[in-house]
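Topology and contacts: notes
Now for the letters of each chain:
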Amino acid sequence: MNARRDVGIDRKRLEQSIEELGRIGATPRGGLTRVALTDDDKRGRDLMVRWMREAGLRVTVDQMGNLFGERAGTQALPPVMMGSHVDSVPTGGKYDGQLGVLCGLETIRALDTHDIRTRHPVMLAIFTNEEGARFQPAMIASGVMAGKIPLEDAYNARDKDGIRLVDELERIGYLGSEPCVPRAFRAYLELHIEQGPCLEEEGLSVGVVDGIVAISWSRLTLSGVQDHAGPTPMRIRHDALVAAAKIVTGVRAIARELGGELVTTVGNLVVQPNIVNAIPGTVTMSIDMRDPRDATLDLARRRLDALVKAACEREGVRGELDHYWRVPYTPFAADVVAAIDRAAHASGARFRHILSGAGHDAQYMAAIGPAGMIFVPSRGGRSHCEEEFTPMDDIEYGAGTLFRAVLDLAG
Ligand SMILES: [Zn+2]
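Details of the packing of aromatic side chains
On inspection of all chains with the given rule, the structure shows four aromatic pairs. Put simply, the rings of F127, F185 and Y188 touch in pairs and so form one group of aromatic residues. Above the plane of the ring of Y174 lies R45, whose end atom (NZ or CZ) is 5.0 Å from the centre. The cationic tip of R219 hangs over the ring face of Y324; the distance from NZ or CZ to the ring centre is 3.9 Å.

As structure tokens, this is what we get:
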């Protein structure tokens, strides 16, 4: 093996850990179903706690069930944190989240193997319910920690069966006592799969993430006139679905016309009454738009307003457009990004700078301290599916980059 590139990291040990954790909640087709606060999530957490204790970490659990394992530093300084999540979406993959946690654990194990003491403590964090597959919103626990979501609201989040998050935390034994509040850290580092095709297409092993794109979510309700599909002549119809169709293709056109890195999606469409012989009276839909530049997103929102107005007028339906959620572009801390850049360079990885198109716990952590992310490739750009895969060579470069960045930042 190339000694220059794997200083510190034990590839075999990391690979074994990925396999072992990946067995908890494994699906027959090589994926993972370990949805937040289920029995499998508990088993995954139990294994992580055991490994953290075996690595000599002081393990604590906070009020949101977030797990922290701390390796002492030589001075009383804020820690360098590494983190991600171990919950998955149903029939998801075993790399999303797990990889960040396990590369963090490997970094700590490697510090021990090489008997390295750091000035700052080094900490591993595992956040509860990152995916939002069971309890909304996603990233709920880092959101509470950052002070962006009230603890009470998070506790009262219910899954589709009406079960409260706090009751499930208690049931699986992870309702901790440590306050879930902003804490000081020297840096927060999250290694994660890219979940897009860019790194693989360019033959790169590592992405140094500069920031997370701005995101806008809107909800549109179109109200037409529900009527019989037979006796109603075409000239007097007010069909909510016909207006919706114009808007779905129009949303796609906004991205094409404004160009750049703008992406636009209608992912949810509900038609009423949704039967064969009635003209649709009501349609609701979601509109998700993302771009690195807030100004482009502002422009896209104005285009959407105009698009909805025109489509409604043409069909004679009423439209109610609610722009209900917006997060601005989240730039990562310049000194953390620079440390990751140096680490990627030193690890010998082929890398470039990149933006994240998806939200991560690092987004909330960036609100309370200096944060950064490291991406590794996703085969075919695919994630949140059983086919999710990252080659071990790339994982090794990613873990090596994380290890070096931690050494750099923890002193
Ligand atoms: Zn994730």
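A few points about the pairing of strand β16 (residues 371–376)
For β16, a buried count of six out of six residues is recorded, marking the element as mostly surrounded by other parts of the structure. By the alternation rule, side chains of β16 split into A371, M373 and F375 and G372, I374 and V376, which are all buried. Direction of pairing for strand β5 (residues 187–193) relative to β16: parallel, over a ladder of six bridges. Paired with E190 across the bridge in β16 is M373. In terms of strand pairing, strand β6 (residues 206–212) meets β16 through three bridges, oriented antiparallel. Among the inter-strand pairings, V208 is bridged to a residue of β16, identified as I374.

Quick word on helix α9 (residues 294–315)
Taking 1.5 Å of rise per residue, 22 residues should cover 32 Å, and α9 covers 32 Å from first to last C-alpha, within 8% of that figure. Every buried residue of α9 is listed here: T296, L297, A300, R301, L304, L307, V308, A311, C312 and E315. Along the long axis of α9, the arc covered by the buried residues comes to 140 degrees, so they all point the same way. Away from the buried face of α9 by more than 90 degrees, exposed residues A295, R302, K309 and E313 are located. Its buried side turned inward, α9 meets β7 (214–223), α8 (240–258), β12 (282–291) and β13 (318–327).

Thoughts on the coordination of the zinc ion
Protein-derived coordination of the zinc ion comes from H85 (NE2), D96 (OD) and H192 (NE2), at a distance range of 2.0 to 2.2 Å. When its relative accessible area of 1% is taken as the criterion, H192 is described as buried.

Digging into a nonpolar patch on the surface
Residues L241, V248 and L269 make up a contiguous nonpolar surface patch of roughly 200 Å² in combined accessible area. You can see L241 is positioned in helix α8. A relative accessible area of 30% places L241 in the partly exposed class.

A word on the pattern of salt bridges
Following the criterion strictly, the structure yields 30 salt bridges and no others. Among the ionic pairs, R11 bridges to E396, the shortest N-O distance being 2.6 Å. Of this pair, R11 sits in helix α1 (residues 11–22) while E396 sits in helix α12 (residues 392–410), placing them 385 residues apart in sequence. Assessed through its relative accessible area of 1%, E396 is described here as buried. Two residues, D112 and R71, come together in a salt bridge whose shortest N-O distance is 3.0 Å.

Quick notes on the confidence of the model for the protein
For the protein, per-residue confidence averages 95 on the pLDDT scale, and residues scoring 70 or more make up 98% of the total. In this model, residues 1–6 is a region of pLDDT below 50 whose contacts with residues beyond four sequence positions or in other chains number eleven contacts.

A look at the environment of T264
Mapped onto the secondary structure, T264 falls in strand β9 (residues 263–265). Setting aside residues no more than four positions away along its own chain, T264 makes contact with V251, R252, A255, D288 and M289. A polar contact of 2.8 Å, which involves the side chain of T264, links it to the backbone oxygen of V251.

With respect to the nonpolar core
If you look at the biggest cluster of nonpolar residues, it comprises 94 residues, and the most contacted ones within it are M48, M64, L99, L165 and L189. Here the element with the most residues in this core is α12; it accounts for ten residues. Not counting residues up to four positions away in its chain, the partners in contact with L189 are V80, M81, M82, G83, V336, I340, G372, L402, A405, V406 and L409. Counting 24 residues, the second largest nonpolar core, distinct from the first, contains L220, I247, M289 and V308.

Focus: the environment of I18
Secondary-structure assignment places I18 in helix α1. You can call I18 buried: its relative accessible area is 8%. Sequence-wise, I18 and Q98 are 80 residues apart; in three dimensions their C-alpha atoms are separated by 7.6 Å. Each residue touching I18, except ones within four places of it in the same chain, is listed here: L99, L102, M392 and I395.

A word on unusual backbone geometry
Between Q136 and P137 the backbone carries a cis peptide bond, its omega angle lying at 0 degrees. With respect to the secondary-structure elements, P137 resides in the loop between β4 (122–127) and α4 (140–145). Following Q272, the chain continues to P273 via a peptide bond in cis, the omega torsion being 0 degrees. Mapped onto the elements of the fold, P273 is located in the loop between β10 (269–272) and β11 (278–279).

Some thoughts on the packing of α1 against α12
Two quantities define a packed helix pair, namely the angle between the helix axes and the distance between the axes. Between α1 and α12, the least distance of the axes is 11 Å, while the angle of their chain directions is 110 degrees. Comparing their axes, α12 and α1 come out roughly perpendicular. Handedness of the crossing formed by α1 with α12: right-handed. Touching R11, L14, E15 and I18 of α1 are M392, D393, I395, E396 and A399, all from α12. Its residues assigned to classes, the contact of α1 with α12 shows five nonpolar, no polar and four charged.

Conventions used here
Residues numbered from 1 in each chain as written. Predicted model: local features only at pLDDT ≥ 70, side-chain atom pairs only at ≥ 80, totals over all residues. Heavy atoms only, no water. Phe/Tyr/Trp six-rings, centres within 6.5 Å; stacked < 30°, edge-to-face > 60°. Lys NZ or Arg CZ within 6 Å of the ring centre and 35° of its normal. Buried < 20%, exposed > 50% of the residue type's maximum accessible area, 1.4 Å probe, protein only. Helix = DSSP H or I, 4+ residues; strand = E, 2+ residues; numbered from the N terminus. Pairing = 2+ DSSP bridges. Expected span 1.5 Å × (residues − 1). Arc of directions from axis to C-beta. Contact = heavy atoms within 4.5 Å. Donors = N, O, S within 2.8 Å, 3.2 Å for Na, K, Ca; no water. Patch = residues over 30% accessible without salt bridge, like charges linked within 9 Å, V, L, I, M, F, W, Y side chains within 5 Å. Areas by Shrake-Rupley, 256 points an atom, 1.4 Å probe, with all protein chains shown as cover. Salt bridge = Lys/Arg side-chain N within 4 Å of Asp/Glu carboxyl O. pLDDT = per-residue confidence, 0-100. Polar contact = N/O pair within 3.5 Å; in protein donor to acceptor, adjacent residues only side chain to side chain. Core = buried A, V, L, I, M, F, W, Y, C linked by side-chain atoms within 4.5 Å. Axes fitted to C-alpha atoms, helices over the stretch in contact; angles between N-to-C directions. Parallel < 35°, antiparallel > 145°, perpendicular 65-115°, else oblique. Left-handed = near helix turned anticlockwise from the far one by under 90°. Nonpolar A, V, L, I, M, F, W, Y, C, P; charged D, E, K, R; others polar.

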